[in-house]
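Coordinate analysis (summary)
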Amino acid sequence: MSEIADKVKKIVVEHLGVDESKVTPDASFIDDLGADSLDTVELVMAFEEAFSVEIPEDAAEKITTVKDAIDYIEKQKAA
Amino acid sequence: MQSTGLTSGQRRVVVTGMGIVSPLGLGVERNWSRLVAGENGFGRISSFDASDLPAQVAGEVPAGPTESGGLTLSDWVPVKDQKKMDRFIHLGLVAATEAVEDSGWKPESEEDRCRTGVMIGAGIGGLQTIYEASVTVKEGRARRLSPFFIPSALINLVSGHVSIKYGFKGPNHSVVTACATGVHAIGDAARMIMLGDADVMVAGGAEAAVCPLGIAGFCSAKALSTHFNDTPEKASRPWDRDRDGFVMGEGAGIVVLEEYEHAKARGAKIYAEVIGYGMSGDAHHITAPAAGHEGAFRAMQNAMRSAGLTPADIQYVNAHGTSTMADDLELDAVERLFGDDARNLAMSSTKSATGHLLGAAGAVEAIYSILAIRDNVAPPTLNLDNPSRESVIDRIAHTAQERRIDTILSNSFGFGGTNASVILRGV
């Protein structure tokens with residue numbers, strides 16, 4: 001797992017109070033990890049803060065799983 | 001049981017559950033035993049550095065293990081949810097949990113859930129949350145504002161969280177009348193039950209304003225005690241000649257109110273009946289009461305009228321008594337209302353032990369008064385060493401007294417010239 005993936009996972013565990021084992025790449029924040037719409041807004045903010053990236057609203061709306069988040073951030077970081 | 005005044009020919013309302021978190025700790029019984037023993041909940045402010053403020057003492061809810069009466073928040077609110085609520089909501093949830101569990105009311109049917117409501121208010125609400133969010137915006141980080149900022153700060157969110165936690169789908173309401181909030185919440189919720197809007201209401205107040213904005217704001221209004229920073233236990237001294245302002249406290253008081261037949265039918269324990277409720281406005285000044293506290297006089301008078309009582313029927317008054325100059329004005333009003341019966345009256349200010357819990361004060365003090373009925377004990381007014389004026393009313397200086405108490409009146413008055421009195425009687 002990449003450094004980014006590790007960090008994303010850690011943030012999700014922290015913010016949603018879920019067990020690390022549940023934070024698989026395909027896990028959906030809302031359907032699998034118990035987040036509500038406000039939680040996902042906060043989660044995206046936490047990603048922005050942690051990785052010093054800007055995630056515009058339309059991009060944020062498409063980030064629904066752990067993998068979505070990792071892919072988006074990796075792409076931003078590579079750019 | 002004789003039905004009187006407010007309740008005659010109407011649905012009667014009784015108290016079937018109680019919960020408190022205060023500077024005296026968690027739990028109704030712990031609060032009461034410490035209060036009756038003459039203990040207090042004061043210390044130098046520990047939650048932030050108050051050294052540059054004139055007032056440096058407060059009554060903070062003690063942190064510590066739940067079993068020894070301290071607050072361990074994770075025992076009450078899941079860690080991931082804590083940051084979604086200001087501290088006043090945390091404290092409200094702690095007291096509401098105790099009250100609901102104490103009542104034993106667990107509505108199983110959808111109909112019962114829809115007949116159970118919540119009415120918990122606050123005087124100020126999420127002040128510290130608003131402060132921190134303001135700093136974030138000021139630093140140019142408005143886009144980083146938490147999506148939980150607004151629901152964390154809103155006063156009616158204690159009611160919201162309690163209804164979500166327990167599935168109570170009846171009236172969901174909230175009171176905001178500064179330091180009169182707690183009494184208004186109980187009185188208004190009782191009337192909702194009387195009028196048939198609900199059969200059970202969880203009612204009370206919560207407050208957590210021991211924070212830089214709260215202390216500095218009341219300091220600027222010259223409302224807080226500033227001369228006892230090195231002797232916090234002496235700072236709250238209602239009616240004493242050396243009093244110099246109130247001491248801020250934090251916490252929550254919550255009661256479960258229930259229609260009498262409903263409570264009886266399920267075999268609930270009944271602490272007291274809400275038999276009278278009175279309100280008034282001063283129409284005088286934003287912070288100062290009028291001469292003779294005539295607004296307080298009318299609130300008490302209205303409560304007695306609604307209960308169909310005369311002063312001779314009341315044995316104990318829990319005074320608003322904040323340890324400010326207004327204490328003697330309330331005393332004037334009580335003396336005038338009670339007339340010759342003032343000689344037989346006991347009146348104390350439990351703020352001498354807890355400080356002033358603002359929007360939570362009225363509810364916490366109503367609960368103390370119910371326990372005064374239960375145990376026939378008038379709790380003391382601490383630090384009343386030298387009354388600034390004499391009175392025929394026994395203000396229970398220093399030490400609790402055993403007295404026959406079956407009916408009490410509890411007062412709360414708020415900025416804006418708002419006054420509320422509630423009368424409770426043993427059942």
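Residues numbered from 1 in each chain as written. Chains lettered and ligands numbered in written order. Predicted model: local features only at pLDDT ≥ 70, side-chain atom pairs only at ≥ 80, totals over all residues. Heavy atoms only, no water.

A short note on the overall build of chain A
Broken down by element type, chain A carries four helices and zero strands. Going from N to C terminus, chain A has its helices and strands arranged as α-α-α-α. Taken over C-alpha atoms, the radius of gyration comes to 11 Å for chain A, in line with the 12 Å a tight globule of 79 residues would show. Expressed along its principal axes, the backbone C-alpha trace of chain A runs to roughly 30 × 25 × 20 Å. Here chain A holds 79 residues, and the buried ones make up 46% of them. In chain A, the proportion of contacts linking residues at least 24 apart, taken out of those at least 6 apart, comes to 55%. Total accessible area on chain A is roughly 4600 Å²; 50% of this is exposed by carbon and sulfur atoms. Charged side chains in chain A number 8 positive and 20 negative. The centres of these two groups are separated by 6 Å. (Helix = DSSP H or I, 4+ residues; strand = E, 2+ residues; numbered from the N terminus. Rg over C-alpha atoms; globule rule 2.2 N^0.38 Å. Buried < 20%, exposed > 50% of the residue type's maximum accessible area, 1.4 Å probe, protein only. Contact = heavy atoms within 4.5 Å. Areas by Shrake-Rupley, 256 points an atom, 1.4 Å probe, with all protein chains shown as cover. Lys, Arg positive; Asp, Glu negative; His and termini not counted. Charge placed at Lys NZ, Arg CZ, Asp CG, Glu CD.)

What about the UniProt feature "modified residue: O-(pantetheine 4'-phosphoryl)serine" (unreviewed entry) in chain A?
As annotated by UniProt and renumbered to match this structure, "modified residue: O-(pantetheine 4'-phosphoryl)serine" (unreviewed entry) occupies Ser-37 of chain A. Relative to the elements of secondary structure, Ser-37 of chain A occurs in helix 2 (residues 37-51). (UniProt positions renumbered as here; feature names shortened; annotations may be inferred.)

Digging into the packing of aromatic side chains
Throughout the structure, instances matching the rule amount to three aromatic pairs over all chains. Taking the centre distance of 5.4 Å and the plane angle of 15 degrees together, the rings of Tyr-166 of chain B and Phe-168 of chain B count as stacked. Residue classification places Tyr-166 of chain B among the partly exposed positions, given a relative accessible area of 22%. Here Phe-168 of chain B falls in the buried class, since its relative accessible area comes to 4%. For the pair Phe-218 of chain B and Phe-246 of chain B, a centre-to-centre distance of 5.3 Å together with 70 degrees between the ring planes defines the contact as edge-to-face. Taken as a pair, Phe-218 of chain B in helix 9 (residues 212-220) and Phe-246 of chain B in the loop between helix 9 and strand 8 (251-259) lie far apart in primary sequence, 28 residues in all. Each member of the pair, Phe-218 of chain B as well as Phe-246 of chain B, is classed as buried. When the ring centre of Phe-51 of chain A is taken as origin, the NZ or CZ atom of Lys-7 of chain A, which lies over that ring, is 4.9 Å away. Sitting over the face of the ring of Tyr-260 of chain B, Arg-12 of chain B holds its NZ or CZ atom 4.4 Å from the ring centroid. (Phe/Tyr/Trp six-rings, centres within 6.5 Å; stacked < 30°, edge-to-face > 60°. Lys NZ or Arg CZ within 6 Å of the ring centre and 35° of its normal.)

So, the UniProt feature "active site" (unreviewed entry) in chain B
All names here are of chain B. The positions that UniProt labels "active site" (unreviewed entry) are, in the present scheme, Cys-179. Checked against the element boundaries, Cys-179 lands in the loop between strand 6 (172-173) and helix 8 (181-194). A residue is classified by how much of its surface remains accessible, and Cys-179, at 9% relative accessible area, is buried. Setting aside anything within four residues of it in sequence, one finds Cys-179 in contact with His-320, His-356, Leu-358, Gly-359, Ser-412, Phe-413 and Gly-414.

Remarks on the domain arrangement of chain B
Residues and elements named next belong to chain B. Domain annotation for chain B reports domain 1 (14-266) and domain 2 (276-425). One C-alpha centre belongs to domain 1, the other to domain 2; they are set 21 Å apart. Facing the 64 residues of domain 1 at the interface are 62 residues of domain 2. Here domain 1 and domain 2 share an interface that buries about 4800 Å² over both sides, 67% of which is from carbon and sulfur atoms. Inspection of the region where domain 1 meets domain 2 yields four salt bridges. As a salt-bridge pair, Arg-243 and Asp-327 come within 3.4 Å of each other at their nearest N and O atoms. (Domains from an automatic or database assignment. Buried area = accessible area lost by both parts, 1.4 Å probe. Salt bridge = Lys/Arg side-chain N within 4 Å of Asp/Glu carboxyl O.)

Quick word on a negative patch on the surface
Taken together, the side chains of Glu-3, Asp-6, Asp-19 and Glu-20 of chain A define an acidic patch exposed on the protein surface. As for its placement among the helices and strands, Glu-3 of chain A is situated in helix 1 (residues 3-16). (Patch = residues over 30% accessible without salt bridge, like charges linked within 9 Å, V, L, I, M, F, W, Y side chains within 5 Å.)

Focus: the interface of chain A and chain B
How big an interface is tends to be stated in terms of accessible area lost as the parts join. Chain A puts 14 residues into the contact, and the matching count from chain B is 11 residues. Carbon and sulfur atoms make up 45% of the surface buried where chain A meets chain B, a total of about 1100 Å² over both sides. Interface area lost by chain A to chain B is led by Leu-38, Glu-42 and Met-45 of chain A, which between them contribute 43%. Where chain A meets chain B, there are seven salt bridges. Among the salt bridges present, the one from Asp-39 of chain A reaches Lys-84 of chain B, with a minimum N-O distance of 2.9 Å. Along the contact surface separating chain A from chain B lie seven residue pairs in polar contact (both at pLDDT 80 or more). Of all the elements in the fold, those that place two or more residues in the side of chain A that touches chain B are helix 1 and helix 2 of chain A. Counting residues per element, the side of chain A that touches chain B draws most heavily on helix 2 of chain A, at seven residues. Partitioned by chemical class, the residues of the side of chain A that touches chain B number six nonpolar, two polar and six charged. (Polar contact = N/O pair within 3.5 Å; in protein donor to acceptor, adjacent residues only side chain to side chain. Nonpolar A, V, L, I, M, F, W, Y, C, P; charged D, E, K, R; others polar.)

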